[in-house]
Amino acid sequence: MTKVRRQPVAISIPDRRDAALTLGPALLVFAFGFLSPLINLAIESLKEFTPGRVGSVENAAATVQNYYELANQAFASVLLTTFWIGGVAAIIGQLVAFPLAYFIVRRISPRMRTLTLGFLITLVLSSVLIKTYAIELTFGSVGIFRPFLLTLGLFPNSREYINIVVIAGLVHSIIPVATLTLIGAMQSIDPRLLDAAQSLGAPGWKAHLSITLPLSFPALVSSTLVSLTFAISAFVIPMVLGRGRVLFMSNVIYTRFSDIANYPSGAAISLVMLAVALAVVAVITFAQARRVSR
Amino acid sequence: MSMRSLAARTGDRIAGSLAYGVIGLGLAFLAIPLVITCVMAFDARTYLGPMPPPALSLHWFERLVSQADILASLRTSFILAVLTTALSVTIGTAAAVGLARGNFPGKAALTSAFLSPLIVPPVVIGFGLLLFLSKAGITNGMARLLLGHVIVTLPYCIRTSLASLLGSDQRLTEAAMVLGATEGQAFWTITLPLMRTGVVTGAIFAFAISMDDVSISLFLSDPSATTLPVTLVSNMRAAFDLTIAAAAVVLIAVTALLIVVLDRVVGFDTVVGQGLFRS
C-alpha cells in the first residue's frame, strides 16, 4: 500500500471547514439513517407489547419480557436451524470455491479468466431474487433435479428435501463470493514454492496440502466466516425456498412485523441477530489480526 | 520408473480429477439454474411444465409488460436506483476525500463506522428504519426507500473511492497546487480523475444493489412506492408462474450490461483486488 503518510498536525481553520464539508453529509446520513434507528430499536426492544397496536405505546413500561420470551424452544430451534443450515452451506461453498479459485489464478488463459471472473461477478451482482427463483425452478415441482432427489429417497414435502433446497440456494450465492475472496489470497502465493516442493520429489497433491492449503488457510477461515455471516442474515432464500417450514432469524423478524405487528419482539430478535453478526465479525477480525501478526 | 513415483503420479491423477470434478460440478451448479430460467422464460405453454419447453414464444414477456403493478414498480425501482447512485456517489466520494486527506483524531474509527452498515443484517436495517421513520413522522415511501438504499450503498462508494484515492499519489495534487492551481482546480482536474475507477465501481455497485434489494425494501415500500423485487417476491409467494422468469431474464440482461461496463471502464482485476462484498 502506497499510503501517503503525513505528520499529524493540529487542525487549522480551513482544515476543519474542509472536514465538515466533505464528511458532514455522510455523518448526517449515518447518524440519522443508521445509528438512530439502531438505538431506537434497542429502546423499542425493552418496551411492553400491547396487542393490536402498531409499535409500542408512547410511555410503555420498560421490560425484558421480549428477550425472556425468546428463551423458549421455538426460537432456540430457529437459531439452531439458521446456524446449522448456514454452516453447512458455508463449508460446501468453500469446498467448491477453493479449487475453483486456484484454477482461476493458476490454470487458465487470460481470456478464460476474464470470462470466468465476469460470470462470477455477474452472479454476485445479480439479484438474490433471481437466483432463488432459478433454484426453485431447478429443484421445484418441474425441476430437472427433482427426479434425482426422488431417487435418493427424498420426497418433496419432507423436511430434508426443503433443507437441501435452502442449502442449494445459499451455496449458489456463497460460491462466487468465496471464490473471489480466495483469489486474492491465492494470487499472493509464490508459485515457485510449489515447483520447489515438486522438484524435491513431493507429489502434486502433497505439495498442495503442505503449501497451498496452509498459506491460504487464514483467508479460507475468513472466507468461511464471511459466508457464514451472509448465510445467517439471509432473508429471501429461506423465505422463498423454505416454504414456511424452514425459518431463519430474519424470517421471524419479518413475521413479527407483517403478521402480528409485535414490534417490540421483532426489535428484540433484531438485537439478538445483530449481536450474533457482530460476534462472527469479531472472530473474523481476530483471525485477520493473527494473520497480519504472523 | 520407480514404484514411488508411479504411486505419486496415480495419487496426483486421482487428486487432479477430483479437483476438476468439483470445479466442473460447481460451475455447472452455478450456471444450470440460470440457463433453465432463461429457457423457461420463452416457454410457449401457458402453465409451468417440465423442461424442455415444447415450443418457444414471447408470451410471458407480453404478460410481464401488460401488468400495471410490475411496470409501476419497475419505474419506481429505476428512479430509486438512479437517485440512490447519485446521492451515494456524491456523499461517498466527498467522505472518502475527507477521510483520506483530513488530519483529525479518530479517523480510523470514523472509517470503520462508515463501513459498519455492511455487517448489520439488512433485515435489521430495514426493520430499524421502519420503526424509526414512523416515529419521526416520515411516511413518504420514496423518501424512506431512498434513505434505506443510501445507507447500504454508501459504504461501498466510500470504500471503493477511498481505496483508489489511497492507491494514488497525493503528491500529484500537491504538485498541481504548487504550480498555481487553486484547491478547486486541483480537485477537479487531478484528484477526481485519479479516483475514477473507485467512483465508477462504487456507482455500479450502488445501482445494482439498489435495483436488487428485497430485504430492506420489503419493510419500507408502501402502496405509492413499491420496488420491482418486492412486487416479484409477492407474486412469487402468490402464484409461481413464468412471468417471473421473464422478469429474471430482463434483470440478468441489465446486470450483464453493468458487468461489461465494469470490465471496460475498470477491469475485473481491479474490482477483485478491492474486495467486493458485504459480509
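This is a predicted model, so every value here is computed, not measured.

### Concerning the overall build of chain B
Turning to step 1, where the next piece is worked out: The helix and strand tally for chain B stands at 13 helices and zero strands.
Turning to step 2, where the next piece is worked out: Here the C-alpha atoms of chain B give a radius of gyration of 24 Å, more than 25% beyond the 19 Å that 2.2 N^0.38 yields for 279 residues.
Turning to step 3, where the next piece is worked out: Along the longest, intermediate and shortest principal axes, the C-alpha atoms of chain B span 75 × 70 × 35 Å.
Turning to step 4, where the next piece is worked out: Among the 279 residues that make up chain B, the fraction classed as buried is 52%.
Turning to step 5, where the next piece is worked out: Positive and negative charge centroids in chain B, built from 16 and 13 side chains respectively, lie 7 Å apart.

### Some thoughts on a nonpolar patch on the surface
All names here are of chain A.
Turning to step 1, where the next piece is worked out: On the surface, L80, W84, V88 and I92 cluster together into a nonpolar patch covering about 350 Å² of accessible area.
Turning to step 2, where the next piece is worked out: Among the structural elements, V88 can be located in helix α3 (residues 73-107).
Turning to step 3, where the next piece is worked out: Relative accessible area serves as the criterion here: at 30%, V88 is assigned to the partly exposed category.

### So, the nonpolar core
Turning to step 1, where the next piece is worked out: Within the largest apolar cluster, 159 residues are counted, with the highest numbers of intra-cluster contacts made by L170(A), F127(B) and F219(B).
Turning to step 2, where the next piece is worked out: A per-element tally of this core places helix α7 (residues 159-187) of chain A first, with 16 residues.
Turning to step 3, where the next piece is worked out: Setting aside chain neighbours within four positions, we find L170(A) in contact with I85(A), G86(A), A89(A), F230(A), A231(A), A234(A), I237(A) and F248(A).

### Digging into the interface of chain A and chain B
In many reports, interface size means the accessible area that the parts give up when they come together.
Turning to step 1, where the next piece is worked out: Counting from both sides, the interface comprises 90 residues of chain A and, opposite them, 96 residues of chain B.
Turning to step 2, where the next piece is worked out: Across the chain A to chain B interface the summed buried area is about 8,200 Å²; carbon plus sulfur atoms make up 80%.
Turning to step 3, where the next piece is worked out: Taken as a group, L125(A), L129(A) and Y133(A) account for 9% of the area that chain A buries against chain B, more than any other trio of residues on that side.
Turning to step 4, where the next piece is worked out: At the boundary of chain A and chain B, one finds one salt bridge.
Turning to step 5, where the next piece is worked out: Two residues, E44(A) and K135(B), come together in a salt bridge whose shortest N-O distance is 3.4 Å.
Turning to step 6, where the next piece is worked out: The tally of links from chain A across to chain B stands at six residue pairs in polar contact (both at pLDDT 80 or more).
Turning to step 7, where the next piece is worked out: By residue class, the composition of the side of chain A that touches chain B is 60 nonpolar, 21 polar and nine charged.

### Details of the packing of helix α4 (residues 110-125) of chain A against α7(A)
All names here are of chain A.
Turning to step 1, where the next piece is worked out: Remark: α4 packs on α7, axes separated minimally by 8 Å, with the N-to-C direction vectors making an angle of 135 degrees. With respect to their mutual orientation, α4 and α7 come out oblique. At the point where α4 passes α7, the crossing takes the left-handed sense. For the pair α4 and α7, contact is made by R113, L117, L120, I121, L123 and V124 and by H172, P176, V177, T179, L180, I183 and Q187, respectively.
Turning to step 2, where the next piece is worked out: Its residues placed into classes, the contact of α4 with α7 shows nine nonpolar, three polar and one charged.

### Digging into the packing of α3(A) against α7(A)
All names here are of chain A.
Turning to step 1, where the next piece is worked out: Two elements in contact, α3 and α7, have axes separated by 5 Å at closest approach and are oriented at 40 degrees. Here α7 runs oblique to α3, going by the angle between their axes. Considering the relative orientation of α3 and α7, their crossing is right-handed.
Turning to step 2, where the next piece is worked out: In terms of residue class, the contact of α3 with α7 is built from 24 nonpolar, seven polar and two charged.

### Thoughts on the packing of aromatic side chains
Turning to step 1, where the next piece is worked out: Tallying each qualifying case throughout the model produces 11 aromatic pairs over all chains.
Turning to step 2, where the next piece is worked out: Relative to F34(A), the ring of F30(A) lies with its centre 5.3 Å away and its plane at 40 degrees, an arrangement referred to as tilted. With F30(A) and F34(A) both in helix α1 (residues 13-44) and four residues apart, the pair spans about one turn of that helix.
Turning to step 3, where the next piece is worked out: Taken together, F235(A), Y254(A), Y263(A), F127(B) and F219(B) form an aromatic cluster joined through their ring pairs.

Rules and cut-offs
- Residues numbered from 1 in each chain as written.
- Chains lettered and ligands numbered in written order.
- Predicted model: local features only at pLDDT ≥ 70, side-chain atom pairs only at ≥ 80, totals over all residues.
- Heavy atoms only, no water.
- Helix = DSSP H or I, 4+ residues; strand = E, 2+ residues; numbered from the N terminus.
- Rg over C-alpha atoms; globule rule 2.2 N^0.38 Å.
- Buried < 20%, exposed > 50% of the residue type's maximum accessible area, 1.4 Å probe, protein only.
- Lys, Arg positive; Asp, Glu negative; His and termini not counted.
- Charge placed at Lys NZ, Arg CZ, Asp CG, Glu CD.
- Patch = residues over 30% accessible without salt bridge, like charges linked within 9 Å, V, L, I, M, F, W, Y side chains within 5 Å.
- Areas by Shrake-Rupley, 256 points an atom, 1.4 Å probe, with all protein chains shown as cover.
- Salt bridge = Lys/Arg side-chain N within 4 Å of Asp/Glu carboxyl O.
- Core = buried A, V, L, I, M, F, W, Y, C linked by side-chain atoms within 4.5 Å.
- Contact = heavy atoms within 4.5 Å.
- Buried area = accessible area lost by both parts, 1.4 Å probe.
- Polar contact = N/O pair within 3.5 Å; in protein donor to acceptor, adjacent residues only side chain to side chain.
- Nonpolar A, V, L, I, M, F, W, Y, C, P; charged D, E, K, R; others polar.
- Axes fitted to C-alpha atoms, helices over the stretch in contact; angles between N-to-C directions.
- Parallel < 35°, antiparallel > 145°, perpendicular 65-115°, else oblique.
- Left-handed = near helix turned anticlockwise from the far one by under 90°.
- Phe/Tyr/Trp six-rings, centres within 6.5 Å; stacked < 30°, edge-to-face > 60°.

Everything listed here is a matter of coordinates, which is why it stays silent on function.
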